[in-house]
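Spelled out, the chains give:
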Amino acid sequence: MIKTDILIIGAGPTGLFAVFEAGLLKLKCHIIDALPQPGGQLSEIYPKKPIYDIPGFPDVLAGDLVDNLMNQIKSFEPGFTLGERAETIETLDDGSFIVTTNKGTRHHAPVIAIAGGLGSFEPRKPPLENIDFYEDRGVAYFIKNPEVYRDQRVVIAGGGDSALDWSIFLADVASEVTLVHRRNEFRGALDSVEKVQELKKLGKINLVTPAEITALHGTDKLEALSINRNGETAFLEADHFIPLFGLAPKLGPIADWGLEIEKNAIKVNNALDYQTNIPGIFAIGDVNTYPGKLKLILCGFHEATLMCQSAYQIVNPGKKYVMKYTTVSGVDGFDGSRKEAPKAVIKAIE
């Protein structure tokens, strides 16, 4: 059983910033996310795309923003349960909650903050017969450990940043990398497209366009694929197939937790603290809805800040908290670190 003060569901930017605000209040956080790494959409879908509306940053790459948020919360030592989806919830007699993931990991906390962005992201699967059979038998939708593909024959399908980036990375890991895309044009960072072009010329990436995977073959595990290119079908031997067609947002099992739902979003009280209809459960960021809601990262940061103030009262009933600006109080990490402004020097001028 993992015990914490605030259990955050969703490791996107709003969930990560909530860790910082909670840390200022001496509240410990643990985060659950179905994706294999923190960052949500920013890490999984567009890590190399610039964001222009983060205060203080004229522009910042999505992946860099995640790195900055992770660095900001490092001293507060949050726990992570990654690659698992929050599945069921149980309310105890004292009002606290136990949340169990689809892999059986149990978490206990008096406060839950749902920061799941647009919901639990599920991979967009290509419509191939028996693809479910080959999952974990050669077919994967995320790359958790690149070493799995060491000296293996890998086929990647897709035309975005993820497909390009992983093709480049695995070119030095796998024995053979084939990138298949249904168009000749790729939607990705220019440097990534140029890098793939260079690796193709060097013979380190096989580029097959315009083409589509039409069938998977293998008795107990994936052994080969059929590829349709210009109306002709080719047979390609492969050990792994990684379709990277993006993610589809779904509210998932949280929709069955008894929360008030409106148009696939969780209704909250925006007049105070973004609490849901269940006391002790909050929803912050793109996953919530209320009159005037704007789905912006900076709005999620604001919602996370107010949520943590109410969470403090739940975790510490009757205890008064006096807010101080970090310029005055500094920041004390749970790891013993401290950040503070330099002390004023008192010295006479002669």
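Right above here is the structure, for reference.
This is a predicted model, so every value here is computed, not measured.

Chemist: Please set out the pattern of salt bridges residue by residue, giving values where relevant.
Modeler: Pairs can form between side chains of opposite charge whenever their charged atoms are close. Inspection of the entire model under this criterion finds 13 salt bridges. Between Lys-125 and Asp-132 there is a salt bridge; the shortest N-O distance is 3.6 Å. With a relative accessible area of 41%, Lys-125 lands in the partly exposed category. We note a salt bridge from Asp-172 to Lys-204, for which the minimum N-O separation is 2.5 Å. Linking Asp-172 in the loop between helix 5 (161-170) and strand 13 (176-180) with Lys-204 in the loop between helix 6 (190-201) and strand 14 (206-208), this pair joins segments that are 32 residues apart in sequence. The partly exposed category is assigned to Lys-204, whose relative accessible area is 33%. The network of salt bridges with common partners includes Lys-26, Asp-332, Arg-338 and Glu-340.

Chemist: Talk me through the side chain of Asp-161; I want residue IDs and the actual numbers.
Modeler: The topology assignment puts Asp-161 in helix 5. The residues contacting Asp-161, other than those within four sequence positions of it, are Ile-45, Lys-49, Arg-187, Gly-188 and Ala-189.

Chemist: Report on the nonpolar core, specifying residues and quantitative values.
Modeler: With 57 residues, the main nonpolar core has Ile-6, Ile-8 and Ile-114 as its most contacted residues. Those elements giving two or more residues to this core turn out to be strand 2 (6-9), helix 1 (13-24), strand 3 (29-33), helix 3 (62-73), strand 8 (97-101), strand 10 (111-114), strand 22 (281-283) and helix 7 (297-315). In terms of residue count, helix 7 provides more of this core than any other element does, 7 residues in total. Apart from residues no more than four positions distant in its own chain, Ile-8 is found in contact with Gly-15, Ala-18, Val-19, Cys-29, His-30, Ile-31, Ile-32, Ala-113 and Ala-115. Residues Tyr-134, Ala-211, Ile-213 and Ala-238 belong to the second largest nonpolar core, which totals 21 residues.

Chemist: Just give me the short version of the packing of helix 1 against helix 3, but keep the residues and values in it.
Modeler: Two numbers describe how helix 1 lies on helix 3: the axes approach to 8 Å, and their chain directions differ by 20°. On the basis of the axis angle, helix 1 is roughly parallel to helix 3. The handedness of the crossing between helix 1 and helix 3 is left-handed. Residue-level inspection shows Pro-13, Leu-16, Phe-17, Val-19 and Phe-20 of helix 1 in contact with helix 3, the latter providing Val-66, Leu-69, Met-70, Gln-72 and Ile-73.

Chemist: I'd like a description of a nonpolar patch on the surface, backed by residues and values.
Modeler: There is a patch of nonpolar side chains on the surface, built from Leu-294, Leu-296 and Leu-298 and spanning about 230 Å² of accessible area. Along the chain, the position of Leu-298 falls in helix 7.

Chemist: Go over the side chain of Asp-273 with me, naming the residues and quoting the values.
Modeler: Mapped onto the elements of the fold, Asp-273 is located in the loop between strand 21 (265-267) and strand 22. Buried and unpaired, Asp-273 has no salt bridge, with Lys-293 as the nearest side chain of opposite charge at 13 Å. Of note is the side chain of Asp-273, whose polar atom sits 3.1 Å from the backbone nitrogen of Gln-275. Within polar-contact distance, the side chain of Asp-273 engages the side chain of Ser-310 at 2.8 Å. The residues contacting Asp-273, other than those within four sequence positions of it, are Phe-282, Leu-306, Met-307 and Ser-310.

Chemist: Run through the sheet that holds strand 23 (residues 288-289), naming residues and quoting values.
Modeler: Taken in spatial order, the 3 strands line up as 20-21-23 in an open sheet, and their pairing is mixed. Unpaired on one side and paired on the other, strand 20 (261-262) and strand 23 mark the two borders of the sheet.

Calculation notes
- Residues numbered from 1 in each chain as written.
- Predicted model: local features only at pLDDT ≥ 70, side-chain atom pairs only at ≥ 80, totals over all residues.
- Heavy atoms only, no water.
- Salt bridge = Lys/Arg side-chain N within 4 Å of Asp/Glu carboxyl O.
- Buried < 20%, exposed > 50% of the residue type's maximum accessible area, 1.4 Å probe, protein only.
- Helix = DSSP H or I, 4+ residues; strand = E, 2+ residues; numbered from the N terminus.
- Contact = heavy atoms within 4.5 Å.
- Core = buried A, V, L, I, M, F, W, Y, C linked by side-chain atoms within 4.5 Å.
- Axes fitted to C-alpha atoms, helices over the stretch in contact; angles between N-to-C directions.
- Parallel < 35°, antiparallel > 145°, perpendicular 65-115°, else oblique.
- Left-handed = near helix turned anticlockwise from the far one by under 90°.
- Patch = residues over 30% accessible without salt bridge, like charges linked within 9 Å, V, L, I, M, F, W, Y side chains within 5 Å.
- Areas by Shrake-Rupley, 256 points an atom, 1.4 Å probe, with all protein chains shown as cover.
- Lys, Arg positive; Asp, Glu negative; His and termini not counted.
- Polar contact = N/O pair within 3.5 Å; in protein donor to acceptor, adjacent residues only side chain to side chain.
- Pairing = 2+ DSSP bridges.

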